[in-house]
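Coordinate analysis (summary)
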Amino acid sequence: MSTEMTASDDDGGDDVTRTTIKVDDAVWRRVRSEAIREDKKVSEQLEAILREYFGVDDDEDDA
């Protein structure tokens with residue numbers, strides 16, 4: 001499996017990384033459905049899930 005990571009500056013100067021990943025279809029559908037229910041973009045939902053998993057606060061600096 002390959003992962004491509006590049007810096008992105010298209011979000012108003014925020015520190016973000018754009019990446020391509022492969023995800024099981026069932027997992028993708030569940031995350032996407034939850035994002036739609038919460039009126040979020042899938043990327044916002046995935047970031048929230050990752051922040052919770054790793055215990056990263058919204059205002060925490062990059063480690």
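One can find the structure itself at the top, above this paragraph.
As a starting point, this report considers the structure included with it. Note that the coordinates shown come from a computational prediction; the quantities given were computed from them, not determined experimentally.

1. Considerations on the overall build of the protein
- Across its full length, the protein holds two helices and two strands.
- If you list the helices and strands of the protein from N to C, you get β-β-α-α.
- Residue pairs in contact within the protein that sit at least 24 positions apart in sequence constitute 3% of those at least 6 positions apart.
- Carbon and sulfur atoms make up 46% of the accessible area of the protein, which amounts to about 5900 Å² in all.

2. Observations regarding the side chain of Gln45
- Within the secondary structure, Gln45 is located in helix H2 (residues 42–54).
- Owing to a relative accessible area of 2%, Gln45 belongs among the buried residues under this scheme.
- Of the polar contacts made by the side chain of Gln45, one reaches the side chain of Glu34; its length is 2.6 Å.
- Those residues in contact with Gln45, other than ones at most four positions away along the chain, are Val31, Glu34, Ala35, Glu38 and Lys40.

3. Topic: the packing of helix H1 (residues 25–37) against H2
- Packing of H1 against H2 brings their axes to within 9 Å, and their N-to-C directions diverge by 105 degrees. Looking at the two axes, H1 sits roughly perpendicular to H2. Counted together, Trp28, Val31, Arg32, Glu34 and Ala35 of H1 and Val42, Gln45, Leu46 and Ile49 of H2 form the full contact between these two elements.
- Considering only residue class, the contact of H1 with H2 consists of six nonpolar, one polar and two charged.

4. Some remarks on H1
- The first and last C-alpha atoms of H1 sit 18 Å apart over 13 residues, in line with the 18 Å expected at 1.5 Å per residue.
- Measuring from the backbone nitrogen of Ala26 back to the side-chain oxygen at the start of H1 gives 3.0 Å, which picks out Asp24 as the cap.
- Taken from the residues just after H1, Asp39 is the one with a positive phi, measuring 55 degrees.

Definitions and limits used
- Per chain, residue numbering runs from 1 following the sequence as it is written.
- At least 70 in pLDDT is required for a residue's local features to be given in this predicted model, at least 80 for side-chain atom pairs to be given and counted, and no such filter applies to totals for whole chains, interfaces and linings, which use all residues.
- Values reported for side chains reflect all heavy atoms of the structure, with hydrogen atoms and water molecules removed beforehand.
- Each helix is a run of H or I in the DSSP string that is no shorter than four residues. Each strand is a run of E no shorter than two, and both are numbered from the N terminus.
- Two residues qualify as a contact provided that any one of their heavy atoms is within 4.5 Å of a heavy atom in the partner residue.
- Areas reported here follow the Shrake-Rupley algorithm with a probe of radius 1.4 Å; residue values treat only the protein chains shown as occluding.
- We call a residue buried when its accessible area falls under 20% of the maximum for its residue type, exposed when it is over 50%, and partly exposed in between, using a 1.4 Å probe and counting protein chains only.
- Polar contact is the term for a pair of N or O atoms within 3.5 Å; when the atoms are in protein, one must be able to donate a hydrogen and the other to accept it, and sequence-neighboring residues count only if both atoms are side-chain atoms.
- For helices, the axis comes from a line fit to the C-alpha atoms of the stretch in contact; other axes are also lines fit to C-alpha atoms, and the angle between any two N-to-C directions lies between 0 and 180 degrees.
- In what follows, roughly perpendicular refers to angles from 65 to 115 degrees, roughly parallel to angles under 35, roughly antiparallel to angles over 145, and oblique to any angle outside these ranges.
- Note on residue classes: Ala, Val, Leu, Ile, Met, Phe, Trp, Tyr, Cys and Pro are nonpolar, Asp, Glu, Lys and Arg are charged, and everything else, Gly too, is polar.
- Take the residue count of a helix, subtract one, and multiply by 1.5 Å to get its expected span.

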